[in-house]
Amino acid sequence: MIQEKRMGAFMLKNIPKILSPDLLKILCEMGHGDELVIADGNFPAESCGQRVVRADGHGGAKMLEAVLSVIPLDTYAKENFVLMQVVAGDNVRPTIWEEYKKIAAAKDPNVRAGFEERFAFYERAKRPMPSSQRGKKRSMQILF
């Protein structure tokens, strides 16, 4: 690892501290068609994700904001911001969804939101892509 320090500043500036070196490396390697899952602690990341980066103690909103501050949403994807649907019969609408949508719209004008059925979301998450799993239990997964 090369680290250069000049006048008290490191080479990279304005990188949110919530983004670990491992996650930054993955984000740098992503291109068109690649997707990232930001999931809560209940998501089966180890059985779904090919590459899992834990971000324990960080909320999904902060992680989403940090990620979207360094990479754009895919301009070629039909839906580039996908939330996991509530299971049929569950009488709940996650309040965090609106916060996620506001963050995404503020960070990227190219947001095209969609929903994916729970098990289809799990299958989609099994594609070779990274997952960032947070230890917090506030529910709802995002894939973009």
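The model shown is predicted, which means the values in this text are computed figures rather than measured ones. (Residues numbered from 1 in each chain as written. Predicted model: local features only at pLDDT ≥ 70, side-chain atom pairs only at ≥ 80, totals over all residues. Heavy atoms only, no water.)

A look at the side chain of Arg124
Rules: For helices the rule is a DSSP run of H or I covering at least 4 residues; for strands it is a run of E covering at least 2, with both sets numbered from the N terminus onward. Any N or O atom pair separated by 3.5 Å or less is treated as a polar contact, with the protein-specific requirement of one donor-capable and one acceptor-capable atom, and with residues adjacent in sequence counted only for side-chain atom pairs.
Following the sequence through the fold, Arg124 ends up in helix α5 (residues 118–125). Here the side chain of Arg124 touches Glu35 through a polar contact of 2.5 Å, side chain to side chain.

Looking at the packing of aromatic side chains
The cut-off we apply is this: Note on aromatic contacts: the rings of Phe and Tyr and the six-membered ring of Trp form a pair at centre separations within 6.5 Å, being stacked when their planes are under 30 degrees apart, edge-to-face when over 60 apart, and tilted otherwise. Relative accessible area decides the class of each residue, using a 1.4 Å probe on protein chains only: under 20% of the type maximum gives buried, over 50% gives exposed, and in between gives partly exposed.
If you walk through the whole model with that rule in mind, you get 4 aromatic pairs. With 5.6 Å between their ring centres and 70 degrees between their planes, Phe43 and Tyr122 make a pair best called edge-to-face. Separated by 79 residues along the polypeptide, Phe43 in the loop between β3 (37–39) and α2 (45–48) and Tyr122 in helix α5 bring together distant segments of the chain. Here the two residues Phe43 and Tyr122 agree in accessibility, since each one is buried. Ring geometry for Phe119 versus Tyr122: centroids 5.6 Å apart, planes at 90 degrees, classification edge-to-face. Highlighted residues: Phe119 and Tyr122, both in helix α5, separated by 3 residues, approximately one helical turn. Ring pairs connect the aromatic residues Phe43, Phe119, Phe121 and Tyr122, which therefore count as one cluster.

Re the side chain of Asn110
Keep this limit in mind: Should any heavy atoms of two residues lie within 4.5 Å, those residues are counted as being in contact.
Counting through the fold element by element, Asn110 comes out in the loop between α4 (96–107) and β6 (113–116). For Asn110, the side chain forms a polar contact with the main-chain oxygen of Asp74, separated by 3.4 Å. When neighbours within four sequence positions are excluded, Asn110 is seen to be in contact with Leu73, Asp74, Thr75 and Asn80.

So, the pattern of salt bridges
Working definition: two side chains of opposite charge can pair if their charged atoms are close together. To keep it simple, the criterion reads: By convention in these notes, a salt bridge is any Lys or Arg side-chain nitrogen within 4 Å of a carboxyl oxygen on Asp or Glu.
Following the criterion strictly, the structure yields 7 salt bridges and no others. Residues Arg51 and Glu29 are paired through a salt bridge, measuring 2.9 Å at the closest nitrogen-oxygen approach. With Arg51 in strand β4 (residues 51–54) and Glu29 in helix α1 (residues 21–29), the pair connects residues that are 22 residues apart, well separated along the chain. Salt-bridge contacts for Glu35 lead to Arg124; the nearest nitrogen and oxygen are separated by 2.5 Å. Of this pair, Glu35 sits in the loop between α1 and β3 while Arg124 sits in helix α5; the two residues are 89 residues apart in sequence, bridging distant segments of the chain.

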